[in-house]
Amino acid sequence: MDWVPIAWLGGIAFGFAVFSVVAGALTGPRRYNRAKLQAYECGIEPTPQPVGGGRFPVKYYLTAMLFIVFDIEIVFLYPWAVAFDSLGLFGLIEMVLFIATVFVAFAYVWRRGGLEWD
Amino acid sequence: MSFPYAPVLAAAEPASVAQASGTADLTWLLLAFPIAGAAVLLLGGRRTDRFGHLLGTLASAASFVVALVLWLDMAGRDVEERATIQKLWTAIDVGRFHVDIALQLDQLSMAFVLLITGVGTLIHIYSIGYMAHDPDRRRFFAYLNLFVAAMLLLVLGSDYFVVYIGWEGVGLASYLLIGFWGRNPAYATAAKKAFVANRVGDVGMSLAIILMFTTFGATDFVRVHAAAAGAGEGTLTAIGLLLLLAACGKSAQLPLQSWLGDAMAGPTPVSALIHAATMVTAGVYLIVRSGPIFDLAPTAQLVVAIVGAATLVFGAVIGLAKDDIKKALAASTMSQIGYMVLAAGLGPAGYAVAIFHLLTHGFFKAGLFLGAGSVMHAMNDTTDMRRFGGLRTAMPVTFVTFGLGYLAIIGFPLLSGFWSKDKIIETAFHEGGVEGWTLGVVALLGAGITAFYMTRVMVMTFFGPRRWAEDAHPHEAPAVMTAPMVLLALGSVFLGGILAYGGMLQDWLEPVVGGHGEEEGVTTLSPIVVTLLTLLVVAGGAAAAYLQYGRREVPVVAPVGSPATIAARNDLYQDAFNEAVLMRPGQYLTRSLVYADNRGVDGAVNGLAALIGGTSGRLRRLQTGFVRSYALSMLGGAALVVGALLLVRI
Amino acid sequence: MTVAAVVSAASVPAASVSAAAADSIPAPHIEYGVLSPLFVVFGAAVLGVLVEAFAPRAARWAVQVGLTVLGLVGAFVAVVLVASSDDWKGARAVVAEGAVTVDGPTLFLQGTILLLAFVAVLLLAERRLDPGPSGAFAAQASTVPGSPGEREATRAGAAQTEVFPLTLFAVGGMLLFPAANDLLVAFVALEVLSLPLYLLCGLARRRRLLSQEAAMKYFLLGAFSSAFFLYGIALLYGYAGSIRLSEIADAATQAQGSDVLLLSGVGLVTVGLLFKAGAAPFHAWTPDVYQGAPTAVTAFMAACTKVAAFGALLRIYYVAFGGLKWEWRPLMWGVAILTMLVGAVISLTQQDVKRMLAYSSIAHAGFVLVGVLAADDAGLRGVLFYLLAYGFATIGAFAVVTMVRDPAGEATHLSQWAGLGRRSPLVAGAFAIFLLSFAGIPLTSGFMSKYAVFSAALDGGASPVVVVAVLASVVAAFFYVRVIVLMFFSEPAADGPTVAVPSILTTVALALGVTVTLVLGVIPQPVLDLAGDAAAFVR
C-alpha cells in the first residue's frame, strides 16, 4: 500500500501531459509562419533532411556535450563543499585529484580546438 | 587395471646391478660420440662435406676407445660388481608408470658394445674408400653414425622402453641406408620393404612392453625379470612370443625374413654393418636379454628354437641357388642368425653359445661382405658370380681375407666358426629327446649346406677360368679398404679360439645369462663325436660343391635348372607367399573397407557436411547487417534468458 | 582516524565533542599498493591525454607509444609484485572499502590482459604496413570520408595518436571489470572499457564507412546491452538491498523476497555480460564489428575484451550467483550449446578472413562457457588458461591478417589467400599454427585449453554439453583445415595479395603469438599450475 501515492503521482503526471497536448491542440490558434519552424532560442535548424539521411554540423552537439560533462562534474563539488569539514584532509586531496583530472580533459579539449566554433 | 606385482617389485632391487660410478660414469660417452657425429654431419650440411667421412669415422673410433676403457675397467672389477647402471634422466613419470633413460652396462651389453663399435669402426674406415666417389658421402657417414648410436642405445638400454627407442632408431637408420641410393626405385622399394617388415616386428615389441607394464607395473629389466616368476605361464608365453615376433623382424627370421635379401640394395658397407655388427643381431640380443622370461615359458622357448632351425635351413637352401654374391651372403646371414636363434631357444645352456656365434659371425661375415664389396669395386659393381672367376690372382689380398672368412664360416677346424658353430650343434644334441635330436640333425644338416654354398661362392668367384665382362679390369682395392679386411680376417681366424679357450666367453657372460649347461642336459652324443660328424658333413658339402663348380665349367648364363633350383632362386617363393597370404587378403580387406568408407561413412559424413553447410547458409541470412534486427534479436534473447531462469524456478 | 585519536587522547568532555565526532565522516581506506596496476594504467592514460594536448605534433607518436608500453609494462610489474607479496591473500583481498577484490583470479586475469594488451599495442603502433604517419588509422576521424577535409588532414600528415590513450583507458576498464566486487563498480568498469572501444572501432583509414558503421553498431548495441545490465543491477538491488556481490549471494541463500525479482535481475545482468563476451544470442554485433574495425583494434578487442568479460562473468556467477547454480545451469547449458553451434556452423560459409575469425571467436566464447559450467575451481583454472592461450593465438592470427595486403589495403577475402603458403611459407605457417590451435590440435595451446575446460565440465556433470562441444570443435576444425588447405595446396592467383614486410613491432607480436601457442601446447604445466594456484575466488 506504500506504493499508492507513487502511483497517484505517476497518474497525475501522465494525465497532465495528455491534457496539455490535447488542450493546446484544441484551443490554440493555428497560424503557421517561418518563425514557428525555427528552433526555440537555440539549437540547429530542423530543416527536412534529404532522403537517405544527410549530414549536419556536429559543432553544436560537441559544445553541448562538453557543457553537460563539465556541468555534471561540477555537481560533485556541492556535496563536498557542504561536508568539507567532516571530510577533512582526505576529502581535500581527493577533490584536488578529481579537479586535476577534469582539468586534464579541459586542457585537451581546449588545445585540440574543441572550444573553437570555426 | 591392477598391478599385483608392483609392491613385490619395488623391493626387488638386486644388489648385483650397482649404480655407475668411477670409470663406468663414462658409459654415456659411448652414445654421445656417434650421436654428436650424426648431428654435426646432418645439421652442418654441405659445409662438412670435406671432412665428414673423417669426423664420422673418428666418432665411431672414439666410441670404440671408450668401450675398450670401460671393458678393461669392468674386467678389473670383481664379478659381482661388473654390471652397472647409469641413470641419465627420467623420461616418463606418470602415476605408476616410471621410465628412466638409463644405460645398463653389464657383461652381455659389453660384448655387444665392443662388437658394434669395433666392427663398426672398421666398416667406417672401409667406407672412406668405398664411398670415395659418391657425392653424398657425408650423409652416408651421418647415417652410419646414427645406425651405430641407435644400436648402442638398443644394447645399453636398461629398460625395454629404452631398448624400444634404440630398436626404432635402428629401423630408421637401416631404412635410410638401404635406400641410400633411393633414386633407383627398386632400391627405394627395398628400403620400404625392410621398414615395413620391421614394423610388423615392432608391433610385437610394443605389445610385449604394454603387456609387461600391465603385468608387472614396470618395464625395466631388473624389475621385470625379478618379478617374472610371479606371473602366470600364459602371460609369460604371450610376452615371449611377442618378443620373438619382434626379434624375427629385426633378425630376419621366418616369417619376417623376406626383407633381408632385398636389403642388399644399400651400399655394401651397409650390408656388412647390418649383417655383422648391428641390426640382425638385435633379435638375438633381445631373446638372450629376456632369458629370464623365456626360461619360465618353455613353449615360447621351443618356438624360438623351431623358428631358428627352420630359418637356418631356409636361408641355406636359398643360398644354394643365388648367383648374386651379395644375395648369397645375405642368405647365409639368415641361416647363421638362424643358428643363433636356435641356440638362444635352447635356454640357459644356449645363451652364451648364441652370443659366441654372434661375435665370431660378426667378424667373418663383415670380412666376407667387405671382401664382396672389394670384388664389386674391382668389377664395376657387378655382383653376378657367373661373371667372376679366377680373381685370386687379380686381387690377392681380397682373396686371402675372403678365403679366411670362408673357412671360418664353414667351420674349418680351429678357425672362429668352428668353435662357435660346433658348440651350437653340440648344445642342440645335448637337449635330448625328440626335440634335441631333431634340432641337432637340422643344425648338422645346415652346416653341410653352408659348406656347399659357401664353397660355391668361393670357387665361382676366385677359382676357375675368367668369365669377366669385356670391360672389366679387376684391381686390388686401396689400403683404406684392405686394412679393415685384413683385421677382420685376423678376427675370423683367431677370435673363436681365444673366446673358446677355457670357456672364457661363457665364464664372462655367466652372471648375466646363466650357467654353461654342460652339467645339465642329456648326453646323447659325446662332444668329440659331434665335432667329427660336423667335420664330416662340412667336408662332404665342400667337396660336392667343388665337384659341381670347380671341376665343371660354370655357364655365364644361368641354366634353367630343376624346380628346386628355381624355387631357391626365387627365395623359396617367400615374396609370392607373402603376397598370397598377406598382401592379397590385405588388399581385399582395404578395398572393401575403402568401398564401405566411400559409400557408407563418407556418404554419411558428406551428407552431414552438406546439412551443416546448408544450415550455415541459412543461419547466415540472419546476419542482416541492420542494427535494428540485431537489437531485436538481443531483446528476444534477453526475454528467453529471463524466461528460462523463471521457468526453472517454477 | 587521526581525529578520533586526538579526541580520545585529549579526553575532553564527551558532550562537547559529540557533535564533531558525529559530523566527521571517516576517510575510506584505500589499499594503494594492491590497486597499483589500475593506478599505473589510468595514470598513463591521463598523461597520454596531456601529451595529446601539449606535446608537439612531431614528437607525439613516439612519446605516446613509449608511454603506453611503459604503462602496460609498469602495470604488469605491479601485478607481479602484488602477486608475489602476501598483501592480497585471505580476508585482505577485498579492498577499497569492499568495492574491489584483488584475489588469485583477479591477478591472473589482470596479468593476462596486460600481456595481451602489450602485444596488441605493438600491432596498433605498426606504421610500415600501411605507410603514413598514422598507420592503419584515419588521420582525423571526425572528417567525412572522401571529403576535402579528410584529404587535407592526410596531406598535413596528422598522426593518429589518440589511439594510445584510448587503448589505455580501455585496458584500465578491463583491469577493473573482473576485479569489481560490487555491481555498480562492475558497471562503471564496463562503460570505461566500452566507450574507448566504440571510438577505436571507427578509426580505420581504409574502408572508413565500414569502420564507422561498425563503431555505430557497436555503440548502439553496446548501449542497449548496458541498459539491460543496469536494469538487472536495479532489480538485484531491489531484491537484496545491496549491490555487493557477497551480500547478494547471502540474500539469495536466505531466500528472502521475491524470486521473480532475483531471477529477472540475474537474467538481465547475464545479458549484459554475455553481450561483451560475444555469446549467442547476443553475438550479432561481433562479425560486423570485427570486420569493420581496424584489424589491430579487432585483435585487441578479440583478446582483451573477452578476457575481461569472462573474468567478470566468472566472478559474478561464482560469487554472487554461486548459490543459484541449479537455476542458471540449464540456461548456461543452452547458451553454451547455442553459442558453439552458431559460431562453428556459420563460420563454415564465411568468405572473409576477419568475419571467419569473428565467428571463430563466438565459437570459442561457447567453449569457454563450457568451462564456466563446471562451476568449480577446476573449471575456473581451465577458463583462465583458455583465455590466455586463446588471446595470444587470436592476436597472432589478426597480426597475420594485417600483413596480407594488396594495393587497396588488407586482402581479407578468403579466395585471395589461396596459395599463400607457396609465396610466404613462414607467414602462412604461422597462421596455420594459430588455426590448428583454434581447432584444438595437440601440441598447440588450443588443445590443452580445450582439454582443460572440457575435462572440468565433464567432472562437473555437464557431459551433454561436452559432447556438443566436441562435435562443434569438429565442425570448426573442418573450416580451419580448409583454410590451411587453401593456403598450402591451391595455386596462387596471378594478381593475388602479397605479404608485406612489417616493422619489428608486428614481427615481435607475431613471434610472441607463435611462441606462446606452441610452448603452451608442449609444456602447459607451469601455466596450468599458475592458473590452478590462482583459481579461487575470495568472496
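Residues numbered from 1 in each chain as written. Chains lettered and ligands numbered in written order. Predicted model: local features only at pLDDT ≥ 70, side-chain atom pairs only at ≥ 80, totals over all residues. Heavy atoms only, no water.

- The name given to chain C in an unreviewed UniProt entry is NADH-quinone oxidoreductase subunit N, with Motilibacter deserti as the source organism.
- The record in UniProt for chain C states the following under Catalytic activity (unreviewed entry): "a quinone + NADH + 5 H(+)(in) = a quinol + NAD(+) + 4 H(+)(out)".
- UniProt annotates chain C under Subunit (unreviewed entry) with the comment "NDH-1 is composed of 14 different subunits. Subunits NuoA, H, J, K, L, M, N constitute the membrane sector of the complex." (UniProt positions renumbered as here; feature names shortened; annotations may be inferred.)

- Under an unreviewed UniProt entry, the name given to chain A is NADH-quinone oxidoreductase subunit A, and the source organism is Motilibacter deserti.
- Under the Sequence similarities (unreviewed entry) heading, UniProt states for chain A: "Belongs to the complex I subunit 3 family."
- Listed in UniProt under the heading Subunit (unreviewed entry), the comment for chain A reads: "NDH-1 is composed of 14 different subunits. Subunits NuoA, H, J, K, L, M, N constitute the membrane sector of the complex."

### So, the pattern of salt bridges
Working step 1: According to the stated counting rule, one finds 22 salt bridges over all chains in the structure shown.
Working step 2: For the salt bridge of Glu168 of chain B with Arg199 of chain B, the shortest nitrogen-to-oxygen distance reads 2.5 Å. Here Glu168 of chain B, found in helix 6 (residues 160-178), pairs with Arg199 of chain B, found in helix 7 (residues 185-216); they are 31 residues apart in sequence, far enough to count as distant.
Working step 3: On the accessibility criterion, Glu168 of chain B (22% relative accessible area) is partly exposed.
Working step 4: Residue Asp288 of chain C pairs with Arg355 of chain C through a salt bridge whose shortest N-O separation is 3.2 Å. (Salt bridge = Lys/Arg side-chain N within 4 Å of Asp/Glu carboxyl O. Helix = DSSP H or I, 4+ residues; strand = E, 2+ residues; numbered from the N terminus. Buried < 20%, exposed > 50% of the residue type's maximum accessible area, 1.4 Å probe, protein only.)

### So, helix 19 (residues 445-459) of chain C
For an α-helix, the turn length of 3.6 residues means that residues three or four places apart are oriented alike.
Residue and element names in this part refer to chain C.
Working step 1: The end-to-end C-alpha distance of helix 19 is 21 Å, a good match for the 21 Å that 15 residues give at a rise of 1.5 Å each.
Working step 2: Among the residues of helix 19, Ser445, Gly446, Met448, Ser449, Lys450, Ala452, Val453, Phe454, Ala456 and Ala457 are the ones counted as buried.
Working step 3: Those residues of helix 19 hidden inside the fold are in contact with helix 15 (353-374), helix 16 (377-403), helix 18 (425-439), helix 20 (463-489), helix 21 (504-522) and helix 22 (525-534).
Working step 4: Where helix 19 terminates, the next one or two residues include Gly461, which has phi positive at roughly 85°. (Expected span 1.5 Å × (residues − 1). Contact = heavy atoms within 4.5 Å.)

### Let's talk about the nonpolar core
Working step 1: In this structure, Phe321 and Leu369 of chain C are the most contacted members of the largest nonpolar core, which totals 203 residues.
Working step 2: Here this core takes 20 residues from helix 13 (residues 295-320) of chain C, the largest share from any one element.
Working step 3: In this structure Leu369 of chain C touches Leu274, Ala279, Phe310, Leu313, Met332, Val335, Ala336 and Thr339 of chain C, once residues within four positions along its chain are discounted.
Working step 4: Within the second largest apolar cluster, 182 residues are counted, among which are Val148, Leu346, Ile425 and Val459 of chain B. (Core = buried A, V, L, I, M, F, W, Y, C linked by side-chain atoms within 4.5 Å.)

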